[in-house]
Amino acid sequence: MTSRLATLALGLAVGLAGVGLGAADASAQATLNNIKQKGFLQCGSNTGLAGFGVPDAQGNWSGLDVDYCRALAAAIFNDPTKVRFTPLAAKDRFTALQSGEVDVLIRNTTWTMSRDTALGLTFAGVNYYDGQGFMVRKKLGVASAKELNGASICTQQGTTTELNLADYFRANNMKYEVVAFATSDETFKAYDTGRCDAFTTDASGLYAERLRASAPDDHIVLPEIISKEPLGPAVRKGDAQWADVVKWTHNALLAAEELGVTKANVDQMTKSDNPEIKRLLGTEGSFGESVGLTKDWAVRIIKGVGNYGEIFDRNVGEGSRLKIKRGLNALWNKGGLQFAPPIR
């Protein structure tokens, strides 16, 4: 009798656990529906990094990461303006995503193993391949990072930048003094006012921040790249549908560039006989519906923000003040690493 009661109790416990897991799964799958119900996307953004995410005096946001947020809003609402931005310091960004304060984090965040596992995040792709570098004043007379032995280095707390800095100096048997601050703005201001010898962050950030220096031409970016920094959008782990929406929005931007579909010609391209273009633009198949979007999801994205190449050019490339070369961020068939899996 005791054995039978124990078996019944175990069965009841397993059943209740299953109900609990089912409820958790249902809750985890709710992000896209919640966004649709509230009528806007809440996007975690940088506090202000030229070319990637920065508001102007009127509060209008621009940047490569900002355009990714707008691409998602376009895919969901057919309106790239239905997005609100939450500026997040590096130390606060993951908590904001985990707590549900933001729906997606798109603010120059490096995809690492610990973030992908221990922090409960899912990275949806790499929208910018970067690497960490150093900036110094020309008058310091330094031409290489390996000449920075004994230097004071300004860096931001709570970032992979701080960890890479320690690795680099230890690997090269050099000493340094770290001067760390909570925000990127504080960090660069400290460097610009002479509180440290060098400033380190992702190379893209160095070029962006140099524009803000009191005398930009007095500073140089050293040639060494000391790390791999694959930057990309992140969502909370456990919502496969929402992760797919973010992932395939990124892939659609890349596929559009590769196939020559632009903001200017997307309407014309919907008449194309090319099977890849037909699948991308929804005139063949039901790929948008499979992730909870509309058949013309990619048309909405491209009309709203253009393709990846257009986003890159106007924010950080030749059409911007930064003039950053495509480099690793060129398409795979043009010598870069950007590659979208096929839509089929």
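Residues numbered from 1 in each chain as written. Predicted model: local features only at pLDDT ≥ 70, side-chain atom pairs only at ≥ 80, totals over all residues. Heavy atoms only, no water.

Asks: How do you make sense of helix α8 (residues 203-210) when you look at a structure like this?
Replies: With six of its eight residues buried, α8 lies for the most part within the structure. In this fold, the buried residues of α8 make contact with β7 (128-130), β8 (132-137), α7 (184-192), β11 (198-202) and β12 (219-221). (Buried < 20%, exposed > 50% of the residue type's maximum accessible area, 1.4 Å probe, protein only. Helix = DSSP H or I, 4+ residues; strand = E, 2+ residues; numbered from the N terminus. Contact = heavy atoms within 4.5 Å.)

Asks: So what exactly am I meant to see when it comes to the packing of aromatic side chains here?
Replies: Aromatic ring pairs are described here by two measures, namely the spacing of the ring centres and the angle between the planes. Evaluation of the coordinates by the stated rule reveals 13 aromatic pairs. An angle of 5° between the planes, with centres 6.0 Å apart, marks the rings of Tyr128 and Phe312 as stacked. Of this pair, Tyr128 sits in strand β7 while Phe312 sits in helix α13 (residues 308-315), placing them 184 residues apart in sequence. Grouping residues by exposure puts Tyr128 and Phe312 together as buried. (Phe/Tyr/Trp six-rings, centres within 6.5 Å; stacked < 30°, edge-to-face > 60°.)

Asks: Sorry, what's going on with the nonpolar core here?
Replies: Burial of nonpolar side chains together is a common tendency in soluble globular proteins. In terms of nonpolar packing, the biggest core is built from 58 residues, with Val104, Trp242 and Leu280 touching the most fellow members. Counting residues per element, the ones that place at least two in this core are α2 (31-38), β1 (41-45), α3 (64-77), β4 (83-87), α9 (240-259), α11 (275-281), α12 (297-305) and α13. Sorting elements by how many residues they give to this core places α3 first, with 10 residues. If we skip the residues at most four places from it in the chain, Trp242 touches Thr31, Leu32, Ile35, Leu41, Leu72, Ile76, Asp103, Val104 and Val235. Membership of the second largest hydrophobic core comes to 14 residues, among which are Val136, Ala145, Leu222 and Ile226. (Core = buried A, V, L, I, M, F, W, Y, C linked by side-chain atoms within 4.5 Å.)

Asks: How should I be thinking about empty space enclosed by the protein in this particular structure?
Replies: Scanning the model with the defined rule gives one cavity of 30 Å³ or more in all. Of the voids in this model, the largest cavity is the one considered here, and its volume is about 290 Å³. Contributing to the lining of the largest cavity are 24 residues, with Asn108, Gln156, Thr159, Thr161 and Thr201 lying nearest its centre. Going through the elements one at a time, β9 (151-156), α6 (160-171), α7, β11, α8 and β13 (229-231) are the ones with two or more residues in the lining of the largest cavity. (1 Å grid on protein atoms, 1.4 Å probe; cavity = no way out; pocket = protein on both sides within 12 Å on 5 of 7 lines; lining within 4 Å. Points joined across faces, edges and corners; volume = space filled by probe spheres on them.)

Asks: Where do I start with the sheet that holds β12 in this structure?
Replies: Sheets are built from strands paired through backbone hydrogen bonds, the pairs being either parallel or antiparallel. One open sheet accounts for five strands, arranged β10-β9-β11-β8-β12; its pairing is mixed. Only two strands of the sheet have a single partner each, and these edge strands are β10 (176-181) and β12. Between one strand axis and the next, the sheet turns by 30° as a mean value, whatever way the strands run. Sheet analysis places β8 next to β11, joined by five bridges and oriented antiparallel. Each residue of the ladder has a partner; that of Val136, found in β11, is Ala198. Across the face of the sheet, α6 comes into contact with β8, β9, β10 and β11 while running at roughly 80° to β8. Contacts from α8 reach β8, β11 and β12, with the element oriented near 125° to β11. (Pairing = 2+ DSSP bridges. Axes fitted to C-alpha atoms, helices over the stretch in contact; angles between N-to-C directions.)

The values reported here are purely geometric and, on their own, carry no functional implication.
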